[in-house]
Amino acid sequence: MSSNDLEMTSARGPQWSIAARLALWYTAATFVVVAVATGLLYWVLVNVGREDDQFLVDTVQIMRALIRERPTDVAALRQEVDWEGAARRYARVYVRVLDESGRLIIETPGASAIIARHTLTPADADAEPGPGIDVTSPAGAPYRMLAAWAMLGMDGRDRRLIQIALDRTTERQLLSDYRTRLWGVLALALVASGLVGYTIARRGMAPVAAIAGTARSIGSSTLNARIPTDGLPGELSSLAATFNAMLDRLEDAFTRLSSLSADLAHELRTPINNLRGEVEVALGKPRTAAEYQEVLASVLEESSRLSQMIDGLMFLARAENPETQIDRTPVDVRRELRAVCEFYEPAAAEAGVSLHVGEGEVVQTLFDRTLFQRALGNLITNALRHTPAGGRVLLSASRSHDTVTVEVSDTGRGIPTEHLNRVSDRFYRVDTSRSASSGGLGLGLAIVGSIMKVHGGSMTIGSRPGQGTVVTLVFPDTSDAPKPTLSTAVAAS
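Cut-offs and rules
- Residues numbered from 1 in each chain as written.
- Predicted model: local features only at pLDDT ≥ 70, side-chain atom pairs only at ≥ 80, totals over all residues.
- Heavy atoms only, no water.
- Helix = DSSP H or I, 4+ residues; strand = E, 2+ residues; numbered from the N terminus.
- Expected span 1.5 Å × (residues − 1).
- Buried < 20%, exposed > 50% of the residue type's maximum accessible area, 1.4 Å probe, protein only.
- Polar contact = N/O pair within 3.5 Å; in protein donor to acceptor, adjacent residues only side chain to side chain.
- Salt bridge = Lys/Arg side-chain N within 4 Å of Asp/Glu carboxyl O.
- Pairing = 2+ DSSP bridges.
- Axes fitted to C-alpha atoms, helices over the stretch in contact; angles between N-to-C directions.
- Contact = heavy atoms within 4.5 Å.
- Patch = residues over 30% accessible without salt bridge, like charges linked within 9 Å, V, L, I, M, F, W, Y side chains within 5 Å.
- Areas by Shrake-Rupley, 256 points an atom, 1.4 Å probe, with all protein chains shown as cover.
- Core = buried A, V, L, I, M, F, W, Y, C linked by side-chain atoms within 4.5 Å.
- pLDDT = per-residue confidence, 0-100.

(A) Layout of helix H10 (residues 369–386). Given a rise of 1.5 Å per residue, 18 residues ought to cover 26 Å, and the 26 Å separating the end C-alpha atoms of H10 matches this to within 8%. All buried positions along H10 are accounted for by Leu371, Phe372, Ala375, Leu376, Gly377, Asn378, Leu379, Ile380, Ala383 and Leu384. Residue Asp368 occupies the N-cap position of H10, its side-chain oxygen lying 3.1 Å from the main-chain nitrogen of Thr370.

(B) Region of interest: the pattern of salt bridges. For the coordinates displayed, the defined rule picks out 9 salt bridges. Arg103 is the partner of Asp99 in a salt bridge, and the nearest nitrogen-oxygen pair spans 3.1 Å. A relative accessible area of 10% places Asp99 in the buried class. For the salt bridge of Glu100 with Arg159, the shortest nitrogen-to-oxygen distance reads 3.2 Å. In this pair, Glu100 sits in the loop between strand E1 (93–99) and strand E2 (104–107) while Arg159 sits in strand E5 (residues 158–167), placing the two residues 59 residues apart along the sequence. For Arg159, a relative accessible area of 27% puts it in the partly exposed group.

(C) Summary view of the pairing of strand E11 (residues 458–464). For E11 and strand E12 (residues 468–476), the ladder comprises 7 bridges, and the chain directions are antiparallel. By the bridge assignment for E12, Ile461 is matched with Val471. What sits between E11 and E12 in their antiparallel hairpin is a turn of 3 residues, with Gly466 showing a positive phi close to 85°.

(D) Up close: the sheet that holds E12. Strand order in the open sheet made by the 5 strands is E7-E9-E10-E12-E11, with mixed pairing throughout. Strands at the two margins of the open sheet, each flanked by one partner only, are strand E7 (354–357) and E11. When the angles between neighbouring strand axes are averaged without regard to direction, this sheet yields 15°. Most of the contacts of helix H9 (residues 333–351) go to E7, to which it runs at about 170°, and overall it touches E7, strand E9 (392–399) and strand E10 (403–410). Across the sheet, H10 is in contact with E7, E9, E10 and E12; its angle to E10 comes to roughly 25°.

(E) Expanded view of the sheet that holds E1. In spatial order, the strands read E2-E1-E5-E4-E3; together these 5 strands make up an open sheet with antiparallel pairing. The sheet is open, and its two edges are formed by E2 and strand E3 (133–136), each paired on a single side. Averaged over all pairs of adjacent strands, the angle between their axes in this sheet comes to 25°, without regard to strand direction. Judged from the 7 bridges that link them, E1 and E5 form a sheet pairing that is antiparallel. Residue Val97 lies in a different strand from E5, and its bridge partner there is Ile162.

(F) A nonpolar patch on the surface, seen in detail. Residues Tyr26, Val196 and Ile200 make up a contiguous nonpolar surface patch of roughly 250 Å² in combined accessible area. Secondary-structure assignment places Val196 in helix H6 (residues 169–217).

(G) Region of the structure containing helix H12 (residues 444–454). The buried fraction of H12 is high, at 8 of 11 residues. Those residues of H12 not exposed but buried are Leu445, Ala446, Ile447, Val448, Ser450, Ile451, Met452 and Val454. Positive backbone phi, approximately 75°, marks Gly456, located one or two places after H12.

(H) Looking closely at the nonpolar core. With 39 residues, the main nonpolar core has Val333, Leu337, Leu395, Val406 and Leu473 as its most contacted residues. Going through the elements one at a time, H9, E7, H10, E9, E10, H12 and E12 are the ones with two or more residues in this core. Examining the composition of this core, we find that 8 residues originate from one element, H10, more than from any other. Setting aside its immediate chain neighbours within four residues, Leu337 contacts Val357, Phe372, Leu376, Leu395, Ser396, Ala397 and Val406. Counting residues in hydrophobic clusters, the runner-up holds 22 residues, among them Leu66, Val81, Val93 and Leu166.

(I) Here's a closer look at the pairing of E9. Both E7 and E9 contribute to a ladder of 4 bridges, which runs parallel. Each residue of the ladder has a partner; that of Leu355, found in E9, is Val393. Where E9 meets E10, 7 bridges bridge the pair, whose relative direction is antiparallel. Note that in E10 the partner of Val393 across the bridge is Asp410.

(J) Quick look at the confidence of the model for the protein. On average, residues of the protein score 76 in pLDDT, and 80% of them reach the 70 mark or higher. Low pLDDT, under 50, characterises residues 6–11; the predicted model gives this stretch 2 contacts beyond four residues in sequence or across chains. pLDDT under 50 marks residues 481–493. Its contacts with residues more than four places away, or in other chains, come to 24 contacts.

Below, the structure written as structure tokens:
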């Protein structure tokens, strides 16, 4: 890793793994759910105070009815006060009844010590008592208090003041205990959800770790390794299949590169050994000028063959570059076929082979003229080389609705079926006994295939031993397409 990469990593901070992020999100989501649930329960308990207010209002209404309907029955009033004081087991109620001058009429034992310390605003006798107020006794005990006026008798000439206090110590203790347990539950939920989330995330990311482990183990000698896709989730199965497909392409490319390197070393060794042998023989003893001239001519021939091989390989390298663009120009295909035939007519006559262009309609399209001529030249050269004297080579062109097809057929020896799939490979020769000097370099069809590739077309070869070979070039018809950006990198080769 470079210093710039280290600085960028340091600036961004530590990189979290996917498992850690999933565990964090799972923990946060679970904790939020638990916190909201417990918070709602706590809110429900806190609002129990509303029930306390309703209890106080109901008690006031009962006392009002008793004072209004039985104004002289003090015994009944005392009985009601005592009953209210003992009605709740865990929340005691204190009641006081005063006249308008503030004189105590009746009370629950101990009520004055709690209620008299606080100023309560009573509700009118004909009004609904409002909510109570929270107060605290000198001992720190919490109370809920309420006060209201009551009409004495049915004539309403006198009033009584009712004061009530509800002990809320038990409720406060319950809320306090609940809060303590709540924090404990939240802490336990945080730890438990973190552990469960991390476990789930690790188990869920285990296939990713397996994929990464397989990727780390792959090297130049283990390109045949593949990621097992059985049992993987759908998303990871697709990822593994894509990764395996990439490995297939890499293995194929590496195999081709290794084969090319071996073939190239083999093909270069012969002309270089020939050059070395010629020079060593020439330098072995004094020679005449004619002998030196003969050696130099042989050296020039081998050098020319090496130059052709290097030029062909450089052309193939440039043609296979994905950034390569070609110079498409309008071309009369039949005129080009005739021009190439005229160029190769002397070679055909020397080989005793007739070279013709088939009749047909005018075919025009857009492609790179130089590359097209080179592809035709390679095909004609191959056809002349493998067609015996008296044979025939025919070039033809035709158009369909979206393609232009060019065919080069001969009546030569043909290609055995087992070789058809490999004749367009670099340095491949059907007759391995033929040397480069007598059988070509083995690059002609490979160059034609590359030319078709940069044009977006295809090449197919059909052949039957003893009957001849037909090479079909199919170009996309781009006569109406806009002319692309020009590049002479390929054409210059």
